[in-house]
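# Notes for the structure review
Here are the chains, one letter per residue:
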Amino acid sequence: MEKFSKIKAIAADLQIMNVDTDMIIPKQFLKTIKRTGLGSALFYEMRYDQKGNLIKDFVLNNDPFNKAKILISGKNFGCGSSREHAPWALLDFGIRCIIAPSFADIFYNNCFKNGILPIILDENKVKELSEIAKQKKEIEIDLVDQKILKEDNQPFDFEIESFKKECLLNGYDDIALTLKKESKINNFEQKRKNITPWLY
Amino acid sequence: MSKTIYDKILESHLVEEQSDGTILLYIDRHLVHEVTSPQAFEGLRMTNRKVKSPLSTLAVADHNVPTTDRSKGIADKESAIQVETLSKNCKEFGVNFFGLNDKRQGIVHVIGPEQGFTQPGMTIVCGDSHTSTHGAFGALAFGIGTSEVEHVLATQTLIQTKAKNFRINVNGKLPLGVTAKDVILTIIGKIGTAGGTGYVIEYAGDVFRNFSMEERMTVCNMSIEAGARAGLIAPDQKTFDYIKGRPMAPKADKWEQAVNYWKTLFTDKDAKFDREIHLNANEIEPTVTWGTSPQDISSINGNVPDPTVEKNEDKKKSIIRSLNYMGLEPNTPIKDIKIDKVFIGSCTNGRIEDLREVVKIVKGKKVNKNVEAIVVPGSGLVKLQAEQEGIDIILKEAGFEWREPGCSMCLGMNPDQLKPQERCASTSNRNFEGRQGRGGRTHLVSPVMAAAAAIEGKFVDIRKII
């Protein structure tokens, strides 16, 4: 997983509430057996018309937002299915950070497994950032200090769980981390076999 | 200290808890399907890792499978590759797999309970958000992404943070014709699609006690549509009776031992909930969604909302967007909405009881000439049972298509899709833009409401029919 510490980039503003994972990556792209190559299908039905032509007024189709690394959106971003194809598509497009007032749980978790930082921020602050995004000005995200920096030198702080932060900063493979605890897991399993033997 | 059922299950599965609240949770059972697993198995191969507990894992293909004649395999190349990949991966890693021609094949959340794989007090995961279904048995069950699928395959654990407790009480008597689907849609309408985010929901009260296991599954299934990864109902005698004798249920002397343990799985009297709401069952009505989020609900006697009276700007924009997509005018009575298709099936409403309720409505009647209606049983065993009861005959005589089991038009990964602008009364769980096909318009309803709509060609108040 690619590490995340700091990025400074153009942000794309997508002010829609309840952006669901079907919007982010529709079903026909879930047939892949790979994690890569989904960027061109990101927000497919909003980005392309029925003939497959780019829809001009969709934000990600226009320069400089087609190179955005930050996405700003509405409440409950990523609701719906557990498909990790959603963060894969965002990542493949180039998005490394999503800022919204709230996220759906499964999507939120899936982001961290792919080096994407989802930031939960007050609605007013999200609106302020969306104005900056519309002006095509860059926004800087500093994960180490947990700050969002903008032109006015009045950074926004954000919260993140320490373990998740650590994993992003170091690009950890959390399976490798867990496997270091294998003996602990085996001991637990042994105990559980005694308490609930019908499960084994 | 008094505990909720969620607290109890969580504690009994804690391998480790870190100071920052991160926990390592032991996973008892893992369901696997073809769409969210290939990259996980590939990850294991690349890192030379094994499946830690193949016997705790059960795999089936459901999302991509055709529901028409399967004798020639899957026509869509990519779908065929995905299903074949699952079969190969299961062979290579020693995972139990129900193939396409196995009569036990079906939707992962139908076959888990059907096989007795799902039991109270377990932690159950699957790379599918509707894993919450299994909470109906008093299990902690939730959906995970593919990276987490790989994590569970490799370690039989998951790194998690604790959720908060949310109790939803529904007491009173449901009016005739009002179903489990209407209850859960009403709940989602009330708390919103993000209302359960960060929580595990416990459904409590007479209504859920009186529900059958199938009805409980319908409710827990859509917990995720309320934002909660998991929703559960304390197990009781109905739960035990449902499980007893199923192929993977505890046997012989272990049965008694299991039941004794399961009986401890209830919320203590003084347990604290972070949030609690109460609904009156008597007030719940047959429900239809009008928009593109499961929270966009209306009573059958209601109207499509008018965005001009909405004061919140974001909500107003959202309603306008939804109505535009749905091709609906503000203030249209729900009963005036004509439909083109009916889909009865899915992990929400594709079980035998659902089909039994449907035939009660359609027996001796005909599907409206403007409507195409399909019934997709949730599993091969549901299909078989229905055929033994003659359900298929009644449905076919009424003009419904009777299909092979799978996820089908709930998400349209197979050829069962809506065409642009087609309007569907669907017993599935999501009415998102494009969910059932690009431009397709989904109205979520109960099986009896879908059945009645198929006959009338538009939505009708089921209470006037039964």
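Rules used in this analysis
- Residues numbered from 1 in each chain as written.
- Chains lettered and ligands numbered in written order.
- Predicted model: local features only at pLDDT ≥ 70, side-chain atom pairs only at ≥ 80, totals over all residues.
- Heavy atoms only, no water.
- Helix = DSSP H or I, 4+ residues; strand = E, 2+ residues; numbered from the N terminus.
- Rg over C-alpha atoms; globule rule 2.2 N^0.38 Å.
- Buried < 20%, exposed > 50% of the residue type's maximum accessible area, 1.4 Å probe, protein only.
- Contact = heavy atoms within 4.5 Å.
- Areas by Shrake-Rupley, 256 points an atom, 1.4 Å probe, with all protein chains shown as cover.
- Pairing = 2+ DSSP bridges.
- Salt bridge = Lys/Arg side-chain N within 4 Å of Asp/Glu carboxyl O.
- Buried area = accessible area lost by both parts, 1.4 Å probe.
- Polar contact = N/O pair within 3.5 Å; in protein donor to acceptor, adjacent residues only side chain to side chain.
- Core = buried A, V, L, I, M, F, W, Y, C linked by side-chain atoms within 4.5 Å.
- Patch = residues over 30% accessible without salt bridge, like charges linked within 9 Å, V, L, I, M, F, W, Y side chains within 5 Å.
- Axes fitted to C-alpha atoms, helices over the stretch in contact; angles between N-to-C directions.
- Domains from an automatic or database assignment.
- Phe/Tyr/Trp six-rings, centres within 6.5 Å; stacked < 30°, edge-to-face > 60°.
- Lys NZ or Arg CZ within 6 Å of the ring centre and 35° of its normal.

Now for the overall build of chain B. Regarding its fold elements, chain B presents 16 helices and 19 strands. Taken against the 2.2 N^0.38 rule, which gives 23 Å for 466 residues, the C-alpha radius of gyration of chain B at 21 Å falls within 12% of a compact globule. Expressed as lengths along the three principal axes of its C-alpha atoms, the size of chain B is roughly 55 × 55 × 45 Å. When the 466 residues of chain B are sorted by exposure, 67% land in the buried category. Relative to all contacts within chain B whose residues are 6 or more apart in sequence, the contacts with residues 24 or more apart total 76%. In the form shown here, chain B has an accessible surface area of approximately 16200 Å², with 49% of it arising from carbon and sulfur atoms.

Moving on to the pairing of strand β8 (residues 157–161) of chain B. Residue and element names in this part refer to chain B. The buried count for β8 comes to four of five residues, which makes it a mostly enclosed element. Sheet analysis places strand β2 (residues 22–26) next to β8, joined by five bridges and oriented antiparallel. Residue Y26 lies in a different strand from β8, and its bridge partner there is T157.

This part is about the pattern of salt bridges. Going through the model one piece at a time under the given rule, you end up with 48 salt bridges over all chains. It is possible to trace a salt-bridge network through shared partners that takes in B:K341, B:E372, B:K419 and B:E422.

Across the boundary between the two partners, chain B contributes 78 residues, which contact 62 residues of chain A. Carbon and sulfur atoms make up 53% of the area that chain B and chain A hide from each other, which totals about 5800 Å². Contact with chain A buries area across many residues of chain B, yet B:Y26, B:Q39 and B:R438 alone supply 12% of it, more than any other trio. Counting the contacts that link chain B with chain A gives eight salt bridges. A salt bridge links A:K181 to B:E16; the shortest N-O distance between them is 2.9 Å. Our count for the contact surface shared by chain B and chain A stands at 39 residue pairs in polar contact (both at pLDDT 80 or more). Of the residues forming the side of chain B that touches chain A, the biggest block, seven residues, is contributed by helix α5 (residues 146–155) of chain B.

Before going further, it helps to examine the nonpolar core. A:F43, A:F77, A:L90, A:I99 and A:I141 are the most contacted members of the largest nonpolar core, which totals 110 residues. Residue contributions to this core peak at eight residues, all from helix α16 (residues 447–456) of chain B. Residues in contact with A:I99, not counting those within four places in the same chain, are A:I70, A:L71, A:I72, A:S73, A:I119, A:L121, A:V126, A:L129, A:I141 and A:I148. By size, the runner-up hydrophobic cluster in this structure holds 92 residues, among which are B:F93, B:I111, B:A141 and B:L279.

A few words now on helix α4 (residues 105–112) of chain A. With eight of its eight residues buried, α4(A) lies for the most part within the structure. Restricting attention to buried positions, one finds in α4(A) the residues A:D105, A:I106, A:F107, A:Y108, A:N109, A:N110, A:C111 and A:F112.

All right, on to a nonpolar patch on the surface then. A grouping of B:L176, B:I465 and B:I466 is seen on the molecular surface, where their side chains present a nonpolar patch of about 290 Å² in accessible area. Relative to the assigned elements, B:I466 resides in the segment after α16.

Residue and element names in this part refer to chain B. Spatially, the four strands line up as an open sheet ordered β11-β10-β9-β12, and their pairing is parallel. The strands lining the two open edges of the sheet, one partner per strand, are β11 (230–232) and β12 (275–280). On average, each strand axis in the sheet is inclined to that of its neighbour by 20°, with strand direction left out of account. Strand direction decides the pairing type here: strand β9 (residues 164–171) and strand β10 (residues 199–204), joined by six bridges, are parallel.

Next up on the list: the domain arrangement of chain A. Once the domains are mapped, chain A shows domain 1 (6–160) and domain 2 (173–200). The gap between the C-alpha centroids of domain 1 of chain A and domain 2 of chain A is 36 Å.

Residue and element names in this part refer to chain B. When you line up the elements, L279 lands in strand β12. You can call L279 buried: its relative accessible area is 11%. For the pair L279 and S53, spaced 226 residues apart in the sequence, the C-alpha separation amounts to 42 Å. Not counting residues up to four positions away in its chain, the partners in contact with L279 are N169, V170, N171, T186, I187 and K190.

Going through the model one piece at a time under the given rule, you end up with 17 aromatic pairs over all chains. Taking the centre distance of 6.0 Å and the plane angle of 75° together, the rings of B:F208 and B:F211 count as edge-to-face. With a relative accessible area of 5%, B:F211 lands in the buried category. Site record: aromatic cluster; members linked through ring pairs are A:F77, A:F103, A:F107, A:Y108 and A:F112. Of note, A:K150 hangs over the ring of A:F156, and the distance from its end group to the ring centre comes to 4.1 Å. Positioned above the aromatic ring of B:Y199 is the side chain of B:K164, whose terminal nitrogen or guanidinium carbon lies 4.7 Å from the ring centre.

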